[in-house]
Every structure is written in structure tokens, then in C-alpha cells.
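# A structural walkthrough
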Amino acid sequence: ARSDCSFIDSLVQAHIRAAEQLHPDSPVAGKAYFINDGTPMNYFEFFRPLVEGMGERMPRLRLPLGLMAALAWCMEASRALIGIPAKPFLNRYEVLKTGVSHYYRIDRARAEFGYEPLVDTHEGLRRTLPYCRALHASMEPVERPPLRVWLAVLAGMFALGMIACHDATWQLWSGHVVSIVPWAVYQWTF
């Protein structure tokens, strides 16, 4: 999926160029324009120079859009059903931003008030990198959970799956551990 960005210098220049053209009979009066660097690109490729320039590694795993959209929907629905006030860390809007192209042409701005990006996307990223490095250096590092936590999560998911999907395991679980929660709740949760 591709999107477009605007470096601040180009954006300010577009406002100035449009303002210079404003008068009662102006072709730009009352119109809206798309302003960007004119080079749509994949989000992950856009962020690659920044992430790698800060000494980090780009994600290597790619997940299917449909799967992620379904997972985001489940997270949003669960939040709504349970009444959790915090936003889920994954939502359909964010999934679609990275999985569906959404960029806009700047032809009309070029034709009607002479807009041209002052700074191309790659130069804008080069200029932005020092700021990103400083911001990154000022933040506390995120501690990743130890392996035992990941193993415990996997074991818990496996146990939940067995309880939710395997009749004999459900019988054992409900007969010896917890019989308060209906089987359908385990199935829905899994």
C-alpha cells in the first residue's frame, strides 16, 4: 500500500502560493487542494530510513490484511462489549492505513497556483533523521518480555484452544476446575 507525505517546507510554501493567488475572481478561491511531496510510497519503505538510521531493525514479518482487519475488529468489539475505556492497540483504521493505498494527486495545485514541492520525500527524510535520533535517544527503552513470558502465553493459548475446541478437554476442565463459565464463552474468547 502506498501513501503520500508532505515535508513542512513544501506545505508552508503551498499555503503562501495559494494565498498570493487569492482575490475575488481567483480560480483558487473556495477550493480545496491536496498538497504532498508528489511521490507516493509504501509506508514501510517510507519509515525504513528513519528506523534503520536510529540503529533499529525493520520488522520482517508480513501478515495478511484480512487477518489483521479481522483481529482489529475483534479487539474493537471486545472493547465495546466489556466496556474498556482505553483504545485497543490495534484498530481497523490503523490496519487499513498500512494495507490500503491512499494518496492524492497534486496536479490541480500545480496548474492553478504553481505549487511544486520544495523538498522531495528522500531529502525530507534525511532532514528529519537528526530530530528522530534525538527523540529516540530521549525515550526509555522498551523492555521486551523474557522468553518464559512468551512461552506462558503460548501455553495459555494452547490450553484455551483445547478447552474451546476439544469436547473431552472441556469435560475434564468443567468437571474438575471451573464449571461456572459456559463452554460458549471459552469458544468465543478463543
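Residues numbered from 1 in each chain as written. Predicted model: local features only at pLDDT ≥ 70, side-chain atom pairs only at ≥ 80, totals over all residues. Heavy atoms only, no water.

## As for the nonpolar core
The biggest cluster of nonpolar side chains holds eight residues, and these are Ala14, Ala18, Val28, Tyr33, Ile106, Ala109, Phe113 and Tyr115. Of all the secondary structure elements, the ones that give two or more residues to this core are helix 1 (8–21) and helix 5 (107–113). If we skip the residues at most four places from it in the chain, isoleucine 106 touches Phe34, Ile35, Asn36, Gly38, Tyr115 and Pro117. (Core = buried A, V, L, I, M, F, W, Y, C linked by side-chain atoms within 4.5 Å. Buried < 20%, exposed > 50% of the residue type's maximum accessible area, 1.4 Å probe, protein only. Helix = DSSP H or I, 4+ residues; strand = E, 2+ residues; numbered from the N terminus. Contact = heavy atoms within 4.5 Å.)

## Points about the packing of aromatic side chains
What the rule picks out here adds up to seven aromatic pairs. Ring centres of tyrosine 33 and phenylalanine 113 lie 4.9 Å apart, and the angle between their planes is 90°; on these two criteria the pair is classed as edge-to-face. In this pair, tyrosine 33 sits in the loop between helix 1 and strand 2 (41–42) while phenylalanine 113 sits in helix 5, placing the two residues 80 residues apart along the sequence. Aromatic side chains phenylalanine 34 and tyrosine 104 sit 4.2 Å apart centroid to centroid with 10° between the ring planes, which places their arrangement in the stacked category. Taken as a pair, phenylalanine 34 in the loop between helix 1 and strand 2 and tyrosine 104 in the loop between helix 4 (92–99) and helix 5 lie far apart in primary sequence, 70 residues in all. Since its relative accessible area comes to 42%, tyrosine 104 is described here as partly exposed. The ring centre of tyrosine 33 lies 4.7 Å from the NZ or CZ of arginine 108, which sits over that ring. (Phe/Tyr/Trp six-rings, centres within 6.5 Å; stacked < 30°, edge-to-face > 60°. Lys NZ or Arg CZ within 6 Å of the ring centre and 35° of its normal.)

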